[in-house]
Amino acid sequence: VKLLSAEAIRDALERLALKLAPPEEHPIWQCLIRSYSGLADLSLPSWFLCGLLTAPSGVLALVVPQTWLSRDYARITRYFFLRFFQPLAVVQESGQRWFHEALVPVSLVIGRRLPPEQTVTPLRGRRRTFSATPYVEIGSSAASEHSHVGRAFVGDDPEGEFSNWLARGSGSRAGVALKRVSWESQRDEALSVSQEIHWLRQLEGDPPGGIAATVSSSAALPPSVAPLVPMGFLNHTQPLTCEPIRVGQGLRTGCNAFFYVDLAGDVVGGDSLPVLTSELFGRRCIMVPPTALKPVLRRQAELSGLQVTPDALRGRLLDLRGLVLPEDAQRNGVSRQNRRRTMPESLAEYVRSAARTYLVRGQTRTLIPHLSAVKPNGLGPSEGGNSPSSHGGDAARMWYMIPDFAPRHIPSLCVPRIIHDAPRAILNAKPPLLVDANFSALWCEDDRWNPETVFAIFNSTWGELCMEALGVSLGGGALKLEATHLRRLPIPIFSGSAKGRLRSFARAALETASTAIGFRRHRAKIDRIVFSALARRQLSSGEINATVEKLTRIIRALRAKRRRNHHDEATEEE
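Residues numbered from 1 in each chain as written. Predicted model: local features only at pLDDT ≥ 70, side-chain atom pairs only at ≥ 80, totals over all residues. Heavy atoms only, no water.

Draft legend 1. Just the overall build of the protein chain, in detail. Looking only at helices and strands, the protein chain features 18 helices and 24 strands. Taking all 574 residues of the protein chain together, the buried fraction comes to 53%. At a minimum sequence separation of 6, the contacts of the protein chain that also span at least 24 residues come to 69%. Of the roughly 26700 Å² of accessible surface on the protein chain, a fraction of 52% belongs to carbon and sulfur atoms. (Helix = DSSP H or I, 4+ residues; strand = E, 2+ residues; numbered from the N terminus. Buried < 20%, exposed > 50% of the residue type's maximum accessible area, 1.4 Å probe, protein only. Contact = heavy atoms within 4.5 Å. Areas by Shrake-Rupley, 256 points an atom, 1.4 Å probe, with all protein chains shown as cover.)

This is how it looks when you write it as structure tokens:
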């Protein structure tokens, strides 16, 4: 099969939009098609294609990975669905596999295509016209031998009974968890998670006064978890994104095998330090100027507690922005004004070797300078004749120069993206060190929040429950917790004094407890503040203890469920 390139897919979608969509919708379609991320897989343009093929008032039903609710690149999908469709139902598998060969859980998404006189109105300008949408999770206990809902609905037509129950039913059925989410909540969440993205401003403009621009937290947790938390708690929360707390992903070098090295000895003074290269380059020792080595947290195994310890990190990032190969210095006329020095020969030979090295991924062999995430750094080895000015600055950037660091690369806190035990937030060192993309990154944009306060919330019993509930279960019993999940995490609305007390308690706990287990002995004071904010009143010690016990039972059940699913999958394979 000859597959289209990513750009050819966009072009084909644009042509189809001009052909199939009503003329008044053309500007909307063009903006969406031109704006979706190049990192998206084919499922995203498939959504658009199916939307184009659905006639007004027609019903579209899609079986899609559950990542449509969590991936960063899927934010545009959620907006598209609400812009062009009335959501009728979202049905998700939980603890089973509807398709045994599928590696990820899936959702059934159903919507009715809206007429163009409605779609041309931005979401912020629409009045309430739709009833709440049923969001359902179906567990394995609901399934019979011949139907995924055969035990929950025992008639001759269990699927038909299930459909009727979705339309008008309430309460619970065995293995079936239901919640109804208002259209306004869905709209506000779709707008909130994309509020800083250019395509949303182009399609929606700036939020006018009186129109909600934040998400309702009543829909924050999955339907299997939300009814279990104490009544009213979710009504007194708001998503993390509503505060000046930002979440992103750590540093992606584009080629860790080249940019990451390990210290080969103690850090001592001198003009250069010995480091070991990766296995790709034979773990050979090279000498590198200390100014070109930045400490970096790469893996969870490098952590010994709840705060990054610089002395425990042996990994270093090669930061060659201030150095050039001797031949590049001559070619591009690097001068003292450019503040770039010629790199020593040992390091230069390593860079030259990397320029000749192919990285093999499956059936693909690519020279390191030509890797998709490395090539944008600057000139490759075959582009030396290009004008340096075309790359900005006094001298051309080269492929071996890592891009400038952003706040997400040196965050105040980080959370592992793949979790095998309990989810937790890690406080960065001071000053903050680089954090790899194996972690989600968090930082505060102004002084209304500080890292210790955010750390306290994430490592409270409430924070642990939310992270466990929002993550996606992976094979092997692991939990995948992405930046998009964390942005949806519902946090209480705190007073300034409550934030100050959280900060003090977190600092005191960190001074006396260096491990996660030790910290748990100190978080009762943090839980008291968090739960009192959720209840909007001062809770007694008895109420706090009862709440901790209740939420801990939910956490244990969720953790046991993802581990049990792994055991069930392994048993089926045997």
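Structure shown, so let's carry the discussion forward.
Draft legend 2. Broad picture of the pattern of salt bridges. Applying the stated rule across the entire model yields 30 salt bridges. Between Arg 352 and Glu 327 there is a salt bridge, and its shortest N-O distance comes to 2.9 Å. Of this pair, Arg 352 sits in helix H11 (residues 345–355) while Glu 327 sits in helix H10 (residues 326–332), placing them 25 residues apart in sequence. Classification of Glu 327 by relative accessible area gives partly exposed; the value is 28%. Two residues, Glu 452 and Arg 507, come together in a salt bridge whose shortest N-O distance is 3.7 Å. Pair noted here: Glu 452 is in helix H12 (residues 451–458) and Arg 507 is in helix H15 (residues 496–512), with a separation of 55 residues, a long-range link. Several salt bridges converge on common partners, so that one network encompasses Asp 262, Arg 283, Arg 298, Arg 299 and Glu 302. (Salt bridge = Lys/Arg side-chain N within 4 Å of Asp/Glu carboxyl O.)

Draft legend 3. Highlighting unusual backbone geometry. In this structure, the amide linkage connecting Lys 430 to the following residue, Pro 431, adopts the cis form with an omega of -5 degrees. Along the chain, Pro 431 falls in the loop between strand E19 (426–427) and strand E20 (434–435). Residues other than glycine seldom take positive phi values, yet Ser 57 does so here, at roughly 75 degrees. Along the chain, the position of Ser 57 falls in the loop between helix H3 (43–53) and strand E1 (59–65). Despite not being glycine, Arg 283 shows a phi value in the positive range, around 50 degrees.

Draft legend 4. Layout of the side chain of Thr 453. Examined against the element boundaries, Thr 453 turns out to sit in helix H12. For Thr 453, a relative accessible area of 0% corresponds to the buried category. Here the side chain of Thr 453 touches Asn 450 through a polar contact of 3.0 Å, side chain to side chain. Setting aside residues up to four positions removed in sequence, Thr 453 forms contacts with Lys 499, Leu 502 and Arg 503. (Polar contact = N/O pair within 3.5 Å; in protein donor to acceptor, adjacent residues only side chain to side chain.)

Draft legend 5. Spotlight on a nonpolar patch on the surface. The grouping of Leu 20, Leu 49 and Leu 53 at the surface amounts to a nonpolar patch, some 250 Å² of accessible area in total. With respect to the helices, strands and loops of the structure, Leu 53 is situated in helix H3. (Patch = residues over 30% accessible without salt bridge, like charges linked within 9 Å, V, L, I, M, F, W, Y side chains within 5 Å.)

Draft legend 6. Highlighting the sheet that holds strand E8 (residues 260–263). Pairing in this open sheet of 6 strands is mixed, and the strands run E10-E9-E8-E12-E11-E20 from one edge to the other. The strands lining the two open edges of the sheet, one partner per strand, are strand E10 (285–288) and E20. As defined by bridge partners, strand E11 (residues 293–297) adjoins E20 across 2 bridges and the pair is classed as parallel. Pairing of Leu 297 across the sheet is with Val 435, part of E20. In the packing of H11 onto the sheet, the strands contacted are E10 and strand E12 (315–318), and the crossing angle to E10 comes to about 120 degrees. (Pairing = 2+ DSSP bridges. Axes fitted to C-alpha atoms, helices over the stretch in contact; angles between N-to-C directions.)

Draft legend 7. Structural detail: the sheet that holds strand E22 (residues 472–473). The 3 strands lie next to each other as E18-E23-E22, forming an open sheet whose pairing is antiparallel. Of all the strands in the sheet, just strand E18 (418–419) and E22 have a single pairing partner and so form its edges.

Draft legend 8. Region of the structure containing a negative patch on the surface. Taken together, the side chains of Asp 156, Asp 157, Glu 159 and Glu 161 define an acidic patch exposed on the protein surface. Tracing the chain through its elements places Asp 157 in the loop between strand E4 (133–139) and helix H6 (158–168). Take Asp 157: its relative accessible area is 44%, and that puts it in the partly exposed class. (Lys, Arg positive; Asp, Glu negative; His and termini not counted. Charge placed at Lys NZ, Arg CZ, Asp CG, Glu CD.)

Draft legend 9. Spotlight on helix H2 (residues 26–35). Every buried residue of H2 is accounted for by Ile 28, Trp 29, Cys 31, Leu 32, Ile 33 and Ser 35. In this structure, the buried side of H2 is in contact with helix H1 (6–20), H3, helix H4 (75–84), strand E3 (106–113), helix H5 (116–119) and helix H8 (198–204).

Draft legend 10. Broad picture of the pairing of strand E9 (residues 273–276). The side-chain alternation of E9 yields one buried face, formed by Leu 273 and Val 275, and one unburied face, formed by Pro 274 and Leu 276. Where E8 lies against E9, 2 bridges are found, and the strand directions are antiparallel. Residue pairing across strands places Asp 262 opposite Leu 276, the latter belonging to E9. Across 4 bridges, E9 lies against E10 in antiparallel orientation.

Draft legend 11. Structural context of the packing of aromatic side chains. Here the structure, examined in full by the defined rule, presents 24 aromatic pairs. Each ring, one from Phe 258 and one from Phe 259, has its centre 4.8 Å from the other, and the planes form 75 degrees; the classification is edge-to-face. In this structure Phe 259 comes out as buried when scored by relative accessible area, which is 0%. Feature note: the residues Trp 29, Tyr 36, Trp 47, Phe 48, Phe 80, Phe 81, Phe 84 and Phe 85 constitute an aromatic cluster, connected by ring pairs. Cation over ring: Arg 321 sits above Phe 405, and NZ or CZ is 4.5 Å from the ring centre. (Phe/Tyr/Trp six-rings, centres within 6.5 Å; stacked < 30°, edge-to-face > 60°. Lys NZ or Arg CZ within 6 Å of the ring centre and 35° of its normal.)

Draft legend 12. Looking closely at the packing of H12 against H15. As a packed pair, H12 and H15 sit with axes 8 Å apart at the nearest point and diverge in direction by 80 degrees. As far as their axial angle goes, H15 and H12 are roughly perpendicular. Contact residues: H12 offers Glu 452, Thr 453, Phe 455, Ala 456 and Ile 457, while H15 offers Lys 499, Leu 502, Arg 503, Ala 506, Arg 507 and Leu 510. Here the contact of H12 with H15 is built from residues that sort into 6 nonpolar, 1 polar and 4 charged. (Parallel < 35°, antiparallel > 145°, perpendicular 65-115°, else oblique. Nonpolar A, V, L, I, M, F, W, Y, C, P; charged D, E, K, R; others polar.)

Draft legend 13. Up close: the environment of Gln 202. For Gln 202, the location among the structural elements is in helix H8. Of the residues examined, Gln 202 reaches a relative accessible area of 57% and is grouped as exposed. C-alpha separation for the pair Gln 202 and Cys 31, spaced 171 residues apart in sequence, amounts to 8.0 Å.

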